[in-house]
Number of protein chains: 2
Amino acid sequence: MTSVRPIRLLLADDEHLIRGALAALLALEDDLLVVAEAATGPEALAMARAHAPDVAVLDLQMPGADGVKVATSLRAELPACRVLIVTSHGRPGHLKRALGAGARGFVPKTVSAQRLAEIIRTVHAGNRYVDPELAADAIAAGDSPLTEREAEVLEYAADGAPVAEIAERAALSQGTVRNYLSSAASKLGAENRHTAVRLARERGWV
Amino acid sequence: MTSVRPIRLLLADDEHLIRGALAALLALEDDLLVVAEAATGPEALAMARAHAPDVAVLDLQMPGADGVKVATSLRAELPACRVLIVTSHGRPGHLKRALGAGARGFVPKTVSAQRLAEIIRTVHAGNRYVDPELAADAIAAGDSPLTEREAEVLEYAADGAPVAEIAERAALSQGTVRNYLSSAASKLGAENRHTAVRLARERGWV
DNA sequence: CGCTGCACATGACAAATGTCAGAAACCCCG
DNA sequence: CGGGGTTTCTGACATTTGTCATGTGCAGCG
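Residue indices follow the written sequence of each chain, beginning from 1 at its first position. Whichever chain is written first becomes A and whichever ligand is written first becomes 1, with later ones labelled in order. In keeping with the model being predicted, local features are shown solely for residues with a pLDDT of at least 70 and side-chain atom pairs are shown and tallied solely at 80 or more, while totals for entire chains, interfaces and linings include all residues. To obtain the side-chain values, all non-hydrogen atoms of the structure were included, while hydrogens and water were left out.

Trainee: Talk me through the nonpolar core; I want residue IDs and the actual numbers.
Mentor: Nonpolar cores were defined as sets of buried Ala, Val, Leu, Ile, Met, Phe, Trp, Tyr and Cys residues, with membership established by side-chain atoms within 4.5 Å. Only protein chains enter the accessibility calculation, which uses a 1.4 Å probe. A residue is then buried if its area is under 20% of the maximum for its type, exposed if over 50%, and partly exposed in between. Within the largest apolar cluster, 46 residues are counted, with the highest numbers of intra-cluster contacts made by Leu116 and Ile120 of chain A together with Ile120 of chain B. Leave out the neighbours within four places in its chain, and Ile120 of chain A touches Ile7, Leu9, Leu26, Leu32, Val55, Val57 and Leu84 of chain A. Core analysis: the second largest hydrophobic core is formed by 27 residues, Ala56, Ala71, Ala98 and Leu134 of chain A among them. Every residue pair with non-hydrogen atoms within 4.5 Å of one another is taken to be in contact.

Written out as structure tokens, the structure reads:
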């Protein structure tokens, strides 16, 4: 008997083209078997419950719930399922959040399919794998200097909402909100809250 | 002789994983031949010059120069080369710009590889193809209601710069700048200039 | 020509935002 | 326990931003 039980995979990515192509390429590897595909966060969760894959390969950006949220849920529901996050444009902070959510691997889409297959095996074996370049970025960017409240308020401010609305949603006084925004902006070296939001986004801190 | 001259393709996408997977899938089609790949805009241009492909499949978002810019250059240098733009998240305005730049096709990455192959053939035959859903979005979004100056000022405001800086860069008084921002915001139905910038971005008007 | 509509431009005023000094609550460590 | 530091929170003040009334010039039209 040369046949070994293959590694069962769940593939989640909102771009059908990529997902399909990926499935085809990974299928070329003898020891990998794609058992389920999903296009959204909730769908990925449902598929995972139904098929209990060995490894879930999740895109970071998906409609419904992003890869990190899915990873968190999977951690609770299917502890045996290893999570590997794949992303187009890696923001340093996302890496940290992903690892915090129990992801075992984090790679950019710039790797080759061959390499991805190897990484899937690595993760399945119980080891971790983080793309070296992303790791370097994450270390360079460091930890978020923002306090919990600062981050919360920045999040509310993200879509350009006026302070009054932020204050209401965060149950704070307007003055306090302005204060948090101000200190967040100065910590990030931004002139105003809007550039602060942009910077925090880039570093993955919101 | 059953062999027909295949359609020669150039594939340009900054994500190696996707590009490689795509190349593999398209290679399965008898009549398609990937003759060159590129990861950046300039690289795509160089490759096109070197290999003179029949169809160039370009990602919209690439480092260096985006798909539309590449399309413009190709139009001038290699008029025989049909351009097909592929994008992850289609903004209505981009479609218009792409067609204006001479692109013959515009599709989201949510199509299947099979479908993409058909579309490549369609485009190669000299016809145009635009994804119906994106077309509907573009029609719904309509033309930009912004005047030249309004768009210019919004562009400067895009990265959160204060009005004073925008005024200097646009060689206008601060009052005038605020005026344009204000009218642009009201045209877009936004509360303030920052959400206006976001909306204009989403519709591809900046 | 005179009128209308529109893009472009400005400054004055009102509203929203950013900055500051400081107070209460909390945590950590000696 | 007590003191040093940090987070959370507030109001007062200065600055920035948004709104409005208004003016100019230009293109199309009766």
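Trainee: Now, about the sheet that holds strand β5 (residues 105-108) of chain A: what can you tell me, with residues and values included?
Mentor: Residues and elements named next belong to chain A. Overall, parallel pairing links the six strands, which are arranged β2-β1-β3-β4-β5-β6 in an open sheet. At either end of the open sheet lies a strand with only one pairing partner, and these are β2 (32-38) and β6 (129-130). Direction of pairing for β5 relative to β6: parallel, over a ladder of two bridges. Within β6, the residue paired with Gly105 across the bridge is Tyr129. Helix axes use the C-alpha atoms of the stretch in contact, all axes being lines fitted to C-alpha atoms, and the angles between their N-to-C directions lie in the range 0 to 180 degrees. Numbered from the N terminus, helices here are DSSP runs of H or I no shorter than four residues, and strands are runs of E no shorter than two. Sitting on the sheet, helix α5 (residues 113-124) touches β1 (7-12), β2, β3 (55-59), β4 (82-87), β5 and β6, and the angle it makes with β4 is about 150 degrees. Criterion used throughout: strands pair if DSSP finds at least two bridges between them.

Trainee: Summarise the protein's contact with DNA strand C; cite the residues concerned and give the values.
Mentor: Nearness of a residue to a molecule or strand requires only that one of the residue's heavy atoms be within 4 Å of it. Close to DNA strand C lie 17 residues; Ser182 of chain A together with Thr147, Thr176, Asn179 and Tyr180 of chain B are nearest. Near-protein atoms of DNA strand C (within 4 Å) split between backbone and bases, with sugar and phosphate holding 62%. Between N or O atoms, a polar contact is any pair within 3.5 Å; within protein, one atom must be a potential hydrogen donor and the other a potential acceptor, and residues adjacent in sequence are included only when both atoms are from side chains. In this structure, a phosphate oxygen belonging to DNA strand C sits 2.6 Å away from a side-chain N or O atom of Ser182 of chain A. Arg193 of chain A has a polar side-chain atom sitting 2.8 Å from a phosphate oxygen of DNA strand C. Elements supplying a minimum of two residues to the surface near DNA strand C: α9 (174-188) of chain A together with α7 (148-157) and α9 (174-188) of chain B. It is α9 of chain B that contributes the most residues to the surface near DNA strand C, five residues altogether.

Trainee: Can you tell me about the side chain of Thr195 of chain A, naming the residues and giving the values?
Mentor: Note that Thr195 of chain A resides in helix α10 (residues 193-203). According to the relative accessible area criterion, Thr195 of chain A is buried, its value standing at 8%. Ignoring anything within four residues of it in the chain, the contact list for Thr195 of chain A reads Ala190 of chain A together with Asp159 and Gly160 of chain B.

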